2 protein chains.
Amino acid sequence: MKGADKFERISELARRRGFFWPSYEIYGGISGFINWGPLGAVMKRKIEDKFRDIFLRRLNFYEIESPIIAPERVFKASGHVDHFKEPLVECLKCRRKFRADHLLQEFADLSSQETDRMSLQEIAGEIEQRNIKCPECNGALSEPKYFLTMFQTTIGPYSESVGYGRPEAAQGIFVEFKRLYEQVRERLPIGFAQIGHALRNEISPRQGPIRLREFTIIDLEFFFDPEKPQCPFLNEVADESLRLVLAENRLKGDGKPVKLTVKEIVAQGLIKVEWHVFFMALAKRLLADLSIPEDKQRFIEKHPWERAHYSTQGFDQEVYLDRWGWVEVAGFNYRTDYDLKGHMMESGVDMRVFKPSEKEIMRVEMQVKPLIESISQTFKDKAPKVVEALQNVDPNALAEALKRHGFYEMNGFRITSEHVEVIQKEFREKGRHFIPHVIEPSFGSDRLTYAALEYAYTIKDDRVILKLPRDIAPIQLAVLPLVSRDGLPEKAKEVYRILIDEGFTVEYDDSGYIGRRYARFDEVGVPLCITVDYQTLKDDTVTIRDRDTWRQVRAEIRGLPWLLHNYFRFKINFDDLGLPI
Amino acid sequence: MKGADKFERISELARRRGFFWPSYEIYGGISGFINWGPLGAVMKRKIEDKFRDIFLRRLNFYEIESPIIAPERVFKASGHVDHFKEPLVECLKCRRKFRADHLLQEFADLSSQETDRMSLQEIAGEIEQRNIKCPECNGALSEPKYFLTMFQTTIGPYSESVGYGRPEAAQGIFVEFKRLYEQVRERLPIGFAQIGHALRNEISPRQGPIRLREFTIIDLEFFFDPEKPQCPFLNEVADESLRLVLAENRLKGDGKPVKLTVKEIVAQGLIKVEWHVFFMALAKRLLADLSIPEDKQRFIEKHPWERAHYSTQGFDQEVYLDRWGWVEVAGFNYRTDYDLKGHMMESGVDMRVFKPSEKEIMRVEMQVKPLIESISQTFKDKAPKVVEALQNVDPNALAEALKRHGFYEMNGFRITSEHVEVIQKEFREKGRHFIPHVIEPSFGSDRLTYAALEYAYTIKDDRVILKLPRDIAPIQLAVLPLVSRDGLPEKAKEVYRILIDEGFTVEYDDSGYIGRRYARFDEVGVPLCITVDYQTLKDDTVTIRDRDTWRQVRAEIRGLPWLLHNYFRFKINFDDLGLPI
């Protein structure tokens, strides 16, 4: 592996020892799919559990689990059917297909910032002007068209029942928001998370565990009253400093991060909602807990044209990786009421919440008044349908459309100002109806796991040591008889059994020289090796060896459970485990 | 809810408090999809964690995570493309579609045992003879045809790249077996599990959380040397008694279970492989840990025509549920080498393992010798393809086909005895090549969770108490100030904070009368309520209230962490938590 970059070396280790590798190799491999193996799956789950601990349990937020497959209307409402697509060109000779924007980035020297803003027409023009050909066979390329990057299927035996694999877990929360809100007794602010597989039908994914067609997403949807954006926990992170690459600096060509504390960021008004920066600070700590150093993390503020269609302000959290440079591992978006509003319009179900207040509140609301006679004349027997549909229309959007275009398209009906009157009505209520706003922290679990592996990967005396934090190491302990005779294996198995009964994840190994066994466990990040030797048979003590320093201490077997529980909960450190040898 | 059956009452509670409910209700609902809510998702995960503890950690087996979407060849090799289908009829009038076998069960009084064995022709005959009509509109029904009950999609931008949503997690393990086997240093026997979403495109699912189109499957694939079927852990379960409904008794019309110990089952040869019964005994214990009584569990031995296409001997573990009677929650199948062989044939990759031995072993192997001249004459320029394909053919299957039919179909080529010679060859080796055999315990996580809810659902003094085992209760502790004044909330929040920092899942609640709060927490199965009262302000003690008995004890705050850790790990019981009041 000399000369190999870190990704190659980690991939070799990951494949050999069971962290991750490409799926379906016996069938020639299908890009964009990977397996997490006997060690990787546990490590990945432990990282997800850390998210649960920091973002859910400690904040008293909740996790839900909803299906991966959803009916088409969900993704119409969410905007994905319209927006979740990429420009595609086909080689007219070899019929291979490519991301048109990627070709422009590669052969026309355009940045993704530039291609993101281009229309299909502009892309076509650029391809023609630069005379870009198929990178595989040099054939001519087709006109670009959009390819919907969701996996499509049919639900049940009816071909018109279109469903999609979810590209994010968020919609499963938005669709169910009303019920969730009732279940938590109308608490606001409140967060609901979902951790699960998501699907994106990428045109031609590469980059191993970084760009996947199927991956695990960690979506937290945090709902709050837009009139109360204050975060009461801000103090807990006030002095945490974040490295921000601000959009305005990027426009000026300055990609250097500015280092600011949470307090400063809020004071300078750089982030609109306090909770937004609070979650970013927690995320920075989460990554630090995964051993990713502060200077290898940063937050990029996205330009409007780079943001997802639902986002009003967005930051990507990036980690520096050896092969690819800065790579996004999480996104923090202010989704406003975009999604709930979308589902309210599409389903006709009121997604607003009601907050009572002491004193009466006056508010002005736009209302759509259907002009029945005129509607009947225009739409004949469809008139009742039109009237019904008008009930679910956003009056502001309708008024805006009438003003701009002179008409409003709705379920195939064209409404003009002769069909409706948009009136302003005053309401006096002891409380307010409103659609909660949403801040969304969203992590890629696979990328986090890969990043943690890369930062744990260390060479010492020509050997690999995987310095994983002790709480994400897939195997906690190894129990090893010094030699495989004289009753040592039997004694070691006793110790193994005690630790298994205490709930630890333990491997027993008596094959080969002890040094080679230590090396094997160092390579997969086992924090502690417990060795049973001749002394053990005399006084019931064992040695405990530290993975990172190779130092050893001696401890009594009967004290092990208590010591080790405290060690893995970070209450004590290696030196507290016993007497130095 | 008077007169409602248990399912209705649990569904009401589950929907109101956040255990589970049907998905996509705002869009009219799509049958076969449910959500697990803020309480249900955690409870379900804790049940999955119990499986991990019993079947993986304690046995030193491993978990992996592979994609839900797989290319077509995977399910060709596994037999699903051929076998995973159901008979479907369409109403010629209203165009509704139905499971033909379900209609026969409902309107022709046939059992599922009978319909499972019927061909499409027989089903058509029965529908005609009985004059069965559309149950919705009384229209005539179409000819039955098979409907593939996998969700189909396309991977990437090429329409010929067919993929399916996995109907089981098992294939993700079989496809990767060679690599997994290397990763565990060629250990055999060895188990690999996978817990994840699976998809079955049911024609018209009903039954809430019982029959789902998307569900969580827990598949453990246990690989062993068929010449070494002995289980060394059998002693640990030897006296465990299982209620078996044997296939031979069912044939005689006797559906009563026989109660036998594991020892007796093995001695009588009722189950072919020791590991098979060992896993069944562990599963019985798992369900007992979920509070499902022994007499509400049983194992049904499946008839050959009821078994999945890959199974040689199979038992369903059933639980008695109030609405549906006996319902399968797990299956235990002896899959032999069916799957690895299938992938070996389809991919051409050798799936055999090699076990060295001391002495030389002689074995006779059938080999296919292509007769090139004759092949060239018949197949012309396709001859090289035929020769290549013959390399991956199972010689036994080929010889058998030639004997039976006079020809063998392969990739569209018809091979006869003039094209090949099947010869027997002797090998002498220090070891054996063989395909490991597989026993598969497979659980439905959603059904287990529902069953645990049903058996926890109890009425006491007209109120619901959810007597969940303490290790699967979604909320572990509630901290409650007796009243919401006089500094009690502040003190209670201190206690809350201590317990959160210790890693417990805790709710704080100060709203309303204490009795109503207790009731609210009883209803969702919180094992212990900790109450802060005026006494607390004097001596730093709190009361701890038991959900099931409503008894209370008094304990010091500073002792709580240690006591509660031991309580939740079943090391102590309620009475050990403090002094009775």
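Predicted model only: the values in this text are computed from it and were never measured.

Student: Requested: an account of the overall build of chain A, with residues and values cited.
Tutor: Helix and strand counts for chain A come out as 21 helices and 29 strands. Each of the three principal axes of chain A carries a C-alpha extent, and together these read 100 × 70 × 55 Å. Among the 581 residues that make up chain A, the fraction classed as buried is 43%. Across chain A, every contact between residues at least 6 apart in sequence was considered, and the portion connecting residues at least 24 apart equals 66%.

Student: Break down the pairing of strand S20 (residues 420–434) of chain B for me, citing the residues and quoting the values.
Tutor: Residues and elements named next belong to chain B. With respect to burial, S20 is a largely exposed element, only one of its 15 residues being buried. Relative to S20, strand S17 (residues 353–370) runs antiparallel, the two sharing 14 bridges. The partner of Pro356 across the bridge, within S20, is Gly431.

Student: Talk me through the relation of the copies chain B and chain A; I want residue IDs and the actual numbers.
Tutor: Mapping chain B onto chain A calls for a screw motion: a turn of 180 degrees about the axis and a shift of 0.1 Å along it, with 0.2 Å RMSD after fitting. On the angle and the small slide along the axis, the relation comes out as a two-fold axis. Considering only C-alpha atoms, the part of chain B nearest the rotation axis is Thr153 of chain B, at 2.6 Å.

Student: How would you explain the sheet that holds strand S29 (residues 579–580) of chain B if you had to name every residue and give the values?
Tutor: Backbone-to-backbone hydrogen bonds join strands into a sheet, with any given pair of strands oriented parallel or antiparallel. Residue and element names in this part refer to chain B. Pairing is mixed in the open sheet, where six strands are placed in the order S25-S24-S26-S27-S28-S29. Taken across any chain shown, the strands that pair with only one partner, and hence form the sheet edges, are strand S25 (506–508) and S29. Alignment of strand S24 (residues 477–481) against strand S26 (residues 528–532), held across five bridges, turns out to be parallel. Looking at the pairing, Pro481 lines up with Val532 of S26. Sheet strands in contact with helix H18 (residues 488–501) are S24, S25, S26 and strand S27 (541–546), and its direction is about 160 degrees off that of S24.

Student: For the interface of chain B and chain A, give the residues involved together with the corresponding values.
Tutor: Between chain B and chain A, the contact holds 56 residues from the first and 56 residues from the second. Looking at the side of chain B that touches chain A, the element that brings in the most residues is helix H2 (residues 40–57) of chain B, giving four residues. Its residues placed into classes, the side of chain B that touches chain A shows 31 nonpolar, 14 polar and eleven charged.

Student: How would you sum up the environment of Arg187 of chain A? Please name residues and give values.
Tutor: With respect to the element layout, Arg187 of chain A can be found in the loop between helix H9 (177–183) and strand S10 (190–199). The spatial distance from the C-alpha of Arg187 of chain A to the C-alpha of Phe224 of chain A is 9.5 Å, given a sequence separation of 37 residues.

Student: Residue-level account of the nonpolar core, with values.
Tutor: By size, the foremost hydrophobic cluster in this structure holds 262 residues, and its most contacted members are Ala451, Ala452 and Val479 of chain A together with Ala451, Ala452 and Val479 of chain B. Residues in contact with Ala451 of chain B, not counting those within four places in the same chain, are Leu290, Ile292, Val319, Leu321 and Val329 of chain B.

Student: Outline the domain arrangement of chain A, listing residues and values.
Tutor: Considered domain by domain, chain A is made up of domain 1 (6–80 + 151–338 + 438–446), domain 2 (85–148), domain 3 (358–433) and domain 4 (475–580). The centre of domain 1 of chain A, based on its C-alpha atoms, is set 37 Å off from the matching centre of domain 4 of chain A.

Student: Hey, could you go over the packing of helix H14 (residues 372–379) of chain B against helix H15 (residues 383–390) of chain B for me, with residue numbers and the actual values?
Tutor: Residue and element names in this part refer to chain B. It is at 8 Å that the axes of H14 and H15 come closest, and there the two elements cross at 130 degrees. If you check the angle between H14 and H15, you find them oblique. The interaxial crossing formed by H14 with H15 has right-handed handedness. Taken together, the residues of H15 that come into contact with H14 (itself represented by Ile372, Ile375, Ser376 and Phe379) are Ala383, Val386 and Val387. Per-class residue counts for the contact of H14 with H15 are six nonpolar, one polar and no charged.

Student: With reference to specific residues and values, describe helix H7 (residues 120–129) of chain B.
Tutor: All names here are of chain B. Listed as buried for H7 are Ile123, Glu126 and Ile127. In an axial view of H7, the angular spread of the buried residues amounts to 100 degrees, which keeps them on one side of the axis. More than 90 degrees from the buried face of H7, the exposed residues found are Gln121, Gly125, Glu128 and Gln129. Backbone geometry just after H7 places Asn131 at a positive phi near 55 degrees.

Student: Describe in detail the packing of helix H2 (residues 40–57) of chain A against helix H12 (residues 274–289) of chain A, supporting the description with residues and values.
Tutor: Residues and elements named next belong to chain A. Two elements in contact, H2 and H12, have axes whose closest approach is 11 Å; the angle formed by their N-to-C orientations is 145 degrees. Along this stretch, H2 crosses H12, giving a crossing that reads as right-handed. Each of Lys50, Phe51, Ile54 and Phe55 in H2 lies in contact with H12, whose residues at this interface are Leu282, Leu286 and Asp289. Classifying every residue of the contact of H2 with H12 gives five nonpolar, no polar and two charged.

Student: Before we move on, could you go through the environment of Ile68 of chain B and cite the residues and values that matter?
Tutor: With respect to the secondary-structure elements, Ile68 of chain B resides in the loop between strand S3 (62–63) and strand S4 (69–71). For the pair Ile68 of chain B and Leu199 of chain B, spaced 131 residues apart in sequence, the C-alpha separation works out to 8.3 Å. Setting aside residues up to four positions removed in sequence, Ile68 of chain B forms contacts with Ile68, His197 and Glu214 of chain A together with Gly165, Arg166, Gly196, His197 and Leu199 of chain B.

Student: So, the sheet that holds strand S8 (residues 152–154) of chain B: which residues are in play, and what are the values?
Tutor: All names here are of chain B. Across the sheet, three strands lie side by side as S4-S9-S8; this open sheet has antiparallel pairing. Every interior strand has two partners, whereas the edge strands, S4 and S8, have only one. Ignoring strand direction, the axes of neighbouring strands in this sheet form an average angle of 40 degrees. Bridge count between S4 and strand S9 (residues 162–165): three bridges; the pairing is antiparallel. Following the sheet pairing, Pro71 is matched in S9 by Gly163.

Student: Requested: an account of unusual backbone geometry, with residues and values cited.
Tutor: Look at the link from Leu188 of chain A to Pro189 of chain A: it is a cis peptide, with omega at 0 degrees. One non-glycine residue with positive phi stands out, namely Asp462 of chain B, at about 70 degrees. Along the chain, Asp462 of chain B falls in the loop between strand S22 (457–460) and strand S23 (463–466).

Student: Account for the environment of Pro226 of chain A, with residues named and values stated.
Tutor: Residue position: Pro226 of chain A is located in the loop between strand S11 (214–224) and strand S12 (241–245). Spatially, the C-alpha atom of Pro226 of chain A lies 40 Å from that of Glu373 of chain A, the residues being 147 residues apart in sequence.

Student: Can you lay out the confidence of the model for chain A for me, pointing to particular residues and giving the numbers?
Tutor: On average, chain A scores 94 in pLDDT, and the residues at 70 or more come to 99%. Reported confidence for the predicted complex is 0.90 by ipTM and 0.90 by pTM.

Student: Pulling in residues and values, what's your account of helix H5 (residues 100–107) of chain B?
Tutor: Residue and element names in this part refer to chain B. Within H5 the residues assigned to the buried category are Ala100, Asp101, Leu103 and Leu104. Projected onto a plane normal to the axis of H5, the buried residues spread over an arc of 160 degrees and lie on a single side. For H5, the secondary structure elements touched by its buried residues are strand S5 (85–90), strand S6 (97–99), helix H6 (112–115) and H7. Once H5 ends, the next one or two residues include Asp109, with phi positive near 60 degrees.

Student: Explain the pairing of strand S21 (residues 437–444) of chain A to me, and be specific about the residues and the numbers.
Tutor: All names here are of chain A. Within S21, eight of the eight residues are buried, which leaves it mostly tucked inside the rest of the structure. Here S21 shows no split at all, with His437, Ile439, Pro441 and Phe443 on one side and Val438, Glu440, Ser442 and Gly444 on the other all buried. Relative to S21, S11 runs antiparallel, the two sharing six bridges. Of the residues in S21, the one forming a bridge with Phe224 is His437. With six bridges connecting them, strand S16 (residues 325–336) and S21 associate as antiparallel partners. Paired with Tyr334 across the bridge in S21 is Ile439.

Parameters and conventions
- Residues numbered from 1 in each chain as written.
- Chains lettered and ligands numbered in written order.
- Predicted model: local features only at pLDDT ≥ 70, side-chain atom pairs only at ≥ 80, totals over all residues.
- Helix = DSSP H or I, 4+ residues; strand = E, 2+ residues; numbered from the N terminus.
- Buried ≥ 20, exposed ≤ 12 C-beta atoms within 10 Å, placed from the backbone.
- Contact = placed C-beta atoms within 7 Å.
- Pairing = 2+ DSSP bridges.
- Least-squares fit on C-alpha atoms with pLDDT ≥ 70 in both.
- Axes fitted to C-alpha atoms, helices over the stretch in contact; angles between N-to-C directions.
- Nonpolar A, V, L, I, M, F, W, Y, C, P; charged D, E, K, R; others polar.
- Core = buried A, V, L, I, M, F, W, Y, C linked by C-beta atoms within 7 Å.
- Domains from an automatic or database assignment.
- Parallel < 35°, antiparallel > 145°, perpendicular 65-115°, else oblique.
- Left-handed = near helix turned anticlockwise from the far one by under 90°.
- Arc of directions from axis to C-beta.
- pLDDT = per-residue confidence, 0-100.

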